[in-house]
Amino acid sequence: MTSAIEFRGVSRVYGDVRAVDDVSFAIEPGEFFAMLGPSGSGKTTSLRLVAGFDVPTSGQVLLDGADVSGVPPYERNVNTVFQDYALFPHMTVLENVAYGPRVRGTSRSERARRAREMLDLVQLGALGGRRPAQLSGGQRQRVALARALINHPKVLLLDEPLGALDLKLREEMQIELKSLQKKLGITFVYVTHDQGEALSMADRVAVFNKGRIEQVAAPRELYARPATAFVARFVGSANVADAALARALGLPQPFAIRAENVAVLGEAGPSPAGSHCAPGAVLAVQFHGAASRWQVKLDAGEVWSAMVTEEDSRALDGLAVGARVRLCWPRAAAVPLNEAGAF
Amino acid sequence: MRAASTFFYRRPYWYVALLLVPPLLWFGTVYLGSLFALLAQSFYRIDDFTAQIVREPTLDTYRQLVTQPANVDIVLRTVSMAICVTIACAIIALPIAIYMARYASGRMKAFFYVGVMLPMWTSYLVKIYAWRLLLAKEGIIAWCFGKLGLTGLLETLLEAPGIGGPSLSSSYLGMFIVFVYMWLPFMILPMAAALERVPGSLLQASADLGARPSQTFRNVMLPLAVPGIAAGSVFTFSLTMGDYIIPSVVGAPGYFIGMMVYVQQGTAGNIPLAAAFSVVPIVLIFVYLGIARRFGAFDAL
């Protein structure tokens, strides 16, 4: 089967900045694919290369198996939901949604009918006559979605589409987007810097860092078996022992350990069976409801954190900031890392 | 000092009043007040025998303005010139403004903005007299036409009824060129400002949805430039309507509104008629803005 999107050794260079640096990956038809990374990691540039707003300096971008490097955006069967929604301020909501069919020469009545259909799909049927300025952020988001879907694109690109919404609305929209994608069967490429968003919605996630892809994997795998120190830290903020720290702890290889797998114990006492321990001093304790995050400065130098449930916290009563403790973790929970990356 | 601060903190209305009253007094009396005082004069009339102003409200002066063919000619001549100048300025300015606002960056952008404003920093009179020389029968423009073997074309242009004349510097065509030159920056700058505010993502969204560049220009770029075009055209239109120096230095001998105002309030001493003439551009601008608003020119604001 031909991939919906394929990058073959794609680079995009601006001056001496390699925004995208020799990236290769493939996205399957119907997949919900997330591109995750901090700002400036190359994820948005990659999206722009798919949309056609930018051209690769070298390498090939393939849509449906065909090289589209020289094809302008208006000839690509790809539509985009922009971060700022990019709704046309001088048109009504209905005119905005009907814009795609309009520029493709669809008759006035036909495009109005299709636009109303799309507005119903995103539950904005009643607001067709309004201007974008009269809508709330969530409503604008839906209009942008309807406008991008009306042309029945093979691929929908979403550039941080929920970034401007408040938390509750964002969670609602995540569920809605996911079910919409299932219903339409369209390939979604979703750019975000929020690992929670990427993990909860995507079938697969590509983690970008400094113009390169660190790992492409399903969310569970990404979380359970991060390949690099960057992925371990960025996706779910795990504790990372690079080569130097591992050596200081008497362990042969760099590894990552999730905060919820780390226990806080008093300074004295035997190590639990099958565990490693490292001594340190308490830096801060942050209460998060069901659990607290203990930040501990290891004697070996790094600051690690441990998620401690309320129940276990009671045993630690009386330990204040500055108290000496041990962090212990089951050997089996440590994930070996490919490289001793640091950032 | 501290007591004063506390006083104003507790009484914010006093603070606002202190802030607004002086500028409002200045604006209200010096600016609008004198304008209304002038306009009020248009409702007086001049006594034909004594040449004294009769200070009783009357529409006689306006009747004189709209019934005397010479006056109507002046208004029509000025309005036609102002419309032509505005349209020409808009056509010339649009590509320049689009380039300045959307494509130029860094030094190029600074160069263009300075370049557009530079002519405005020199004396208005110097530029007009310079243009009279450029447009003269033996001037550089006629010379260029000659060198290019196009003297015939220039002569055909100058023979055209209405706009022609013995030379460019004594024809309406020449006057039109000078007007366009003079007011072009007033069209470019608001247009560029309007286009600067258009987010790039709107143009990308249009292309993304399948619009060819010409469609994006027509459907997105141009409508979003309209508020700028409207603002710029108010400048070019009203400046042309009110100017009396360009028509008296360059062009055919027919009178324009500005010259008429100058003559009436000066040598003729007919201030009511001068005031009535100056009401014409104001009324026309209001009508124009009303129409522009009706057609949605300001919807994108």
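Quick caveat: nothing in here was measured; it's all calculated off a predicted structure.

Novice: Whenever I open this one, the overall build of chain B confuses me. Can you help?
Specialist: For chain B, the helix and strand inventory stands at 14 helices and two strands. Counting only C-alpha atoms and orienting by the principal axes, one finds that chain B spans roughly 75 × 70 × 40 Å. The burial tally for chain B puts 39% of its 301 residues in the buried class.

Novice: It is not clear to me how the environment of Pro270 of chain A should be interpreted in this structure. Could you clarify?
Specialist: Of note, Pro270 of chain A is situated in the loop between strand E13 (263–266) and strand E14 (275–287). As a C-alpha pair, Pro270 of chain A and Arg293 of chain A span 23 residues in sequence and 23 Å in three-dimensional space.

Novice: Explain the pattern of salt bridges to me, please; I cannot follow it from the model alone.
Specialist: One side chain can pair with another of opposite charge once the charged atoms of both are near each other. Residues and elements named next belong to chain B. The final tally for this structure, using the stated rule, is 20 salt bridges over all chains. Between Lys109 and Glu196 there is a salt bridge, with the nearest N and O atoms lying 3.4 Å from each other. Here the residue Lys109 occupies a position in helix H5 (residues 107–117), and Glu196 occupies one in helix H9 (residues 172–196), the gap between them amounting to 87 residues.

Novice: Is there a simple way to explain the packing of aromatic side chains in this structure?
Specialist: Two numbers describe a pair of aromatic rings. These are the distance of the centres and the angle of the planes. The full count for this structure, using the stated rule, is 24 aromatic pairs over all chains. Relative to Phe33 of chain A, the ring of Phe25 of chain A lies with its centre 5.5 Å away and its plane at 5°, an arrangement referred to as stacked. An identical accessibility class is assigned to Phe25 of chain A and Phe33 of chain A; each is buried. Considering the side-chain rings of Phe111 of chain B and Phe112 of chain B, the 6.0 Å spacing of their centres and the 80° angle between planes classify their relative orientation as edge-to-face.

Novice: Looking at this model, I keep getting lost on the interface of chain A and chain B. Mind explaining?
Specialist: Note: interface size is frequently given as the accessible area lost on complex formation between the parts. If you look at the interface, chain A gives 25 residues, while chain B gives 21 residues. Note on chain A versus chain B: buried area summed over both sides is about 1900 Å², and carbon and sulfur give 59% of it. Here chain A is connected to chain B by zero salt bridges. Inspection of the chain A/chain B interface yields 10 residue pairs in polar contact (both at pLDDT 80 or more). At the level of secondary structure, the elements contributing two or more residues to the side of chain A that touches chain B comprise helix H1 (43–51), strand E6 (78–81), helix H3 (99–103) and helix H5 (137–149) of chain A. If you tally residues by element for the side of chain A that touches chain B, the top one is H3 of chain A, at four residues.

Novice: Can you walk me through the sheet that holds strand E1 (residues 5–14) of chain A in this structure?
Specialist: By definition, the strands of a sheet pair up through backbone hydrogen bonds, in either a parallel or an antiparallel sense. Residues and elements named next belong to chain A. Taking strand neighbours across the sheet as the criterion, the four strands line up as E2-E1-E4-E5 in an open arrangement whose pairing is antiparallel. Of all the strands in the sheet, the pair left with one neighbour each is strand E2 (17–27) and strand E5 (66–67). Pairing between E1 and E2: seven bridges, direction antiparallel. Each bridged residue has a counterpart across the sheet, and for Arg12 the counterpart in E2 is Val20. The strands touched by H1 are E1, E2 and strand E4 (58–63); relative to E1, the strand with the most contacts, the crossing angle is about 115°.

Novice: When you look at the side chain of Arg326 of chain A in this model, what are you seeing that I'm missing?
Specialist: As for its position among the elements, Arg326 of chain A is in strand E17 (residues 324–330). A distance of 3.0 Å separates a polar side-chain atom of Arg326 of chain A from the backbone oxygen of Gly266 of chain A.

Novice: How do you make sense of the nonpolar core when you look at a structure like this?
Specialist: Generally speaking, soluble globular proteins have nonpolar side chains that are buried together. Core analysis: the biggest nonpolar cluster contains 80 residues, and Ile5 and Phe7 of chain A have the highest contact counts within it. Per element, the largest residue contribution to this core is 14 residues, and it comes from H9 of chain B. Residues within four places of Phe7 of chain A in sequence aside, it is in contact with Val23, Ser24, Phe25, Ser46, Leu49, Val50, Gln60 and Val61 of chain A. Grouped together as the second largest cluster of nonpolar side chains are 45 residues, Val81, Tyr85, Leu145 and Leu180 of chain A included.

What counts, and where the lines are drawn
- Residues numbered from 1 in each chain as written.
- Chains lettered and ligands numbered in written order.
- Predicted model: local features only at pLDDT ≥ 70, side-chain atom pairs only at ≥ 80, totals over all residues.
- Heavy atoms only, no water.
- Helix = DSSP H or I, 4+ residues; strand = E, 2+ residues; numbered from the N terminus.
- Buried < 20%, exposed > 50% of the residue type's maximum accessible area, 1.4 Å probe, protein only.
- Salt bridge = Lys/Arg side-chain N within 4 Å of Asp/Glu carboxyl O.
- Phe/Tyr/Trp six-rings, centres within 6.5 Å; stacked < 30°, edge-to-face > 60°.
- Contact = heavy atoms within 4.5 Å.
- Buried area = accessible area lost by both parts, 1.4 Å probe.
- Polar contact = N/O pair within 3.5 Å; in protein donor to acceptor, adjacent residues only side chain to side chain.
- Pairing = 2+ DSSP bridges.
- Axes fitted to C-alpha atoms, helices over the stretch in contact; angles between N-to-C directions.
- Core = buried A, V, L, I, M, F, W, Y, C linked by side-chain atoms within 4.5 Å.

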